[in-house]
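Each chain, written out:
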Amino acid sequence: MGRGDGSGRLVSAPDADDTGTRILHVDMDAFYAAVAVLDDPSLAGKPIIVGGVERRGVVSSASYEARRFGVRSAMPVARALQLCPQAIVVPTTFERYAELSRRVMDVFRSVTPLVEPLSIDEAFLDVSGARRLWGSPREIAQLIRSRVLDETGLTCSVGVAATKHVAKMASTISKPDGLLVVAEADTLRFLGARPVGALWGVGPKATEALLTRGIRTVADVWDTPRSVLDRALGPAMGERVWHLSRGHDAREVQTERVEKSISHEETFSHDVVDTTVLRSELRRLADRVGARLRAGGWEAATVSIKVRLTDFSTYSRSQTLPLPTNVGQRIGSAAIDLLESVELSQPVRLIGVRAEKLRPDGTGGLTLWDDDAEWRRVDDALDDARARFGRGAVTRASVLGPRRDVGAMPTNPRVDHER
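As the structure is a prediction and not an experimental result, all values here were calculated from the model.

Turning our eyes to something else, we now look at the sheet that holds strand 4 (residues 88-90). A sheet is described by the order of its strands in space; here 3 strands give the open sequence 3-2-4, paired in mixed fashion. Only two strands of the sheet have a single partner each, and these edge strands are strand 3 (59-62) and strand 4. Between one strand axis and the next, the sheet turns by 30 degrees as a mean value, whatever way the strands run. Of the strand pairs in this sheet, strand 2 (residues 48-51) and strand 3 are connected by 3 bridges, and their pairing is antiparallel.

On to the UniProt feature "site: Substrate discrimination" (unreviewed entry) in the protein, then. Under the UniProt annotation, "site: Substrate discrimination" (unreviewed entry) lies at Tyr 32. Along the chain, the position of Tyr 32 falls in helix 1 (residues 31-39).

Right, let's get into the pairing of strand 10 (residues 298-309). Counted residue by residue, strand 10 has 11 buried out of 12 residues, so it is predominantly covered. Of the pairings in the sheet, the one linking strand 10 to strand 12 (residues 348-360) comprises 11 bridges and is antiparallel in character. Counterpart to Trp 298 in the pairing with strand 12 is Pro 360. Across 8 bridges, strand 10 lies against strand 11 (residues 314-325) in antiparallel orientation. Within strand 11, the residue paired with Val 307 across the bridge is Tyr 315. Linking strand 10 back to strand 11 in an antiparallel pair, the connection comprises 4 residues, with Phe 312 at a positive phi of about 75 degrees.

Before going further, it helps to examine the sheet that holds strand 1 (residues 23-28). Overall, mixed pairing links the 5 strands, which are arranged 5-6-1-7-8 in an open sheet. Strands at the two margins of the open sheet, each flanked by one partner only, are strand 5 (115-119) and strand 8 (179-181). The sheet shows a mean angle of 15 degrees between the axes of neighbouring strands, taken without regard to direction. Where strand 5 meets strand 6 (residues 122-126), 4 bridges bridge the pair, whose relative direction is antiparallel. Across the sheet, the residue bridging to Pro 117 is Ala 123, located in strand 6. Across the sheet, helix 4 (residues 94-111) touches strand 1, strand 5 and strand 6, and the angle it forms with strand 5 is around 155 degrees. Running at roughly 145 degrees to strand 7 (residues 156-161), helix 7 (residues 164-173) makes contact with strand 1, strand 5, strand 6, strand 7 and strand 8 of the sheet.

Between its first and last C-alpha atoms helix 6 (residues 137-152) spans 22 Å; for 16 residues at 1.5 Å apiece the expected length is 22 Å, and the two agree. Gly 153 lies just past helix 6 and shows a positive phi near 80 degrees.

Note on placement: Arg 138 falls in helix 6. For the buried Arg 138, which has no salt bridge, the nearest side chain bearing the opposite charge is Glu 139, at an N-O separation of 4.0 Å. In terms of polar contacts, Arg 138 uses its side chain to reach the backbone carbonyl oxygen of Pro 14, at 2.9 Å. If sequence neighbours within four positions are ignored, Arg 138 has contacts with Ala 13, Pro 14, Asp 15, Ala 16, Asp 18, Leu 179 and Val 181.

Glancing now at the pattern of salt bridges. Note on pairing: side chains with opposite charge can pair once their charged atoms come close. Here the structure, examined in full by the defined rule, presents 20 salt bridges. With its nearest N and O atoms 2.8 Å apart, the salt bridge here joins Asp 249 to Arg 251. Look at Asp 249 and you get buried, because its relative accessible area is 13%. On the accessibility criterion, Arg 251 (32% relative accessible area) is partly exposed. The structure contains a network of salt bridges with shared partners spanning Asp 39, Arg 96, Glu 99 and Arg 103.

Looking now at the nonpolar core. Ranked by size, the top nonpolar core spans 37 residues in total, and within it Leu 24, Phe 108, Leu 125 and Ile 144 carry the most contacts. Not counting residues up to four positions away in its chain, the partners in contact with Leu 24 are Ala 123, Phe 124, Leu 125, Val 127, Pro 137, Ile 140, Ala 141, Ile 144, Val 158, Gly 159, Val 160 and Ala 167.

This brings us to the packing of aromatic side chains. Scanning all chains against the criterion turns up 6 aromatic pairs. Judged by centre distance (6.4 Å) and plane angle (85 degrees), the rings of Tyr 32 and Phe 94 are edge-to-face. Linking Tyr 32 in helix 1 with Phe 94 in helix 4, this pair joins segments that are 62 residues apart in sequence. With 5.8 Å between their ring centres and 50 degrees between their planes, Phe 124 and Trp 200 make a pair best called tilted.

Calculation notes
- Residues numbered from 1 in each chain as written.
- Predicted model: local features only at pLDDT ≥ 70, side-chain atom pairs only at ≥ 80, totals over all residues.
- Heavy atoms only, no water.
- Pairing = 2+ DSSP bridges.
- Helix = DSSP H or I, 4+ residues; strand = E, 2+ residues; numbered from the N terminus.
- Axes fitted to C-alpha atoms, helices over the stretch in contact; angles between N-to-C directions.
- UniProt positions renumbered as here; feature names shortened; annotations may be inferred.
- Buried < 20%, exposed > 50% of the residue type's maximum accessible area, 1.4 Å probe, protein only.
- Contact = heavy atoms within 4.5 Å.
- Expected span 1.5 Å × (residues − 1).
- Lys, Arg positive; Asp, Glu negative; His and termini not counted.
- Salt bridge = Lys/Arg side-chain N within 4 Å of Asp/Glu carboxyl O.
- Polar contact = N/O pair within 3.5 Å; in protein donor to acceptor, adjacent residues only side chain to side chain.
- Core = buried A, V, L, I, M, F, W, Y, C linked by side-chain atoms within 4.5 Å.
- Phe/Tyr/Trp six-rings, centres within 6.5 Å; stacked < 30°, edge-to-face > 60°.

In structure tokens:
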């Protein structure tokens, strides 16, 4: 979810100059909340919070009406309801989001094969080869917005520019339901007026470091020596900000998507003290991570866990495996070992398992024997049963007992992509 609440929205005229542009950044508007309205039109125009339906959950997304009260993603639902007491909380429906995301991406690929998904609800498009068929980049953007609305009933915002960075900034500024075109010759004029925090990759801490040095706008960056940027942000980030502020961005649209990690987390309805319950949850989450690794043809070289305590203090631990794996039992055992290294000074609010350093399954070569052969057969049987009867139809007996007493609420499953 973006930080914008729709205020200060800037859009282009229907005949805006798009000379020198070829990159589109298309971003669905408050996607999760918009899907909720699509499925229940009575929610239209109301402040909506998407996330855990109980107060202990976290906000996955929010409608623009709720954002204007300060509601943001990853915020506890209880805090969001303090800011916006009249908000309506609706549960996440990931299968529905995935279905609509596929339809949206199909619209993009019907216009150009050069599509780079960034997440479930946004993508870059290179339309340089589609002009003869569909018109100028501005006309293609208009066509995509119309097709997405016709195919899904949802709105999107589009930025059109000469580079990926500027296109993404433009789509953010045009939200919701807008189109902003930045001709190549207008790039510096467009960038100069933007707050420095709008630069891609400049987060809150980097923004604060720049603001304390009087660097408030992108134009201020132009007048700042590189040495000052390097001291404030570090050499790598300083160089990046220096180039992006001047419109330098040579990155091409990448159609091949490379998985970086796969993870699942659970937020408990009641804080958990019993380590038996925690170990059971780690087993269950590891099985889900393993299933998604196998479905994607991946194996992981590293397993990590996340543990959040009652006071919201959060701990991460990771372990590199002797051999990469996608076996749920192996991932779960590593996760449980990692849990032993966390000092549980308070009850646990959230726990998660992540598979990292992914590579294609089987690239490690053959070994003389497979210690996980039996567990692989178990995983194959589980995968087959889930494919036939659904994910919740079958699980390990070892995770059933403790979980009945937990009442865990699923938070967002995450799949991070190389961008």
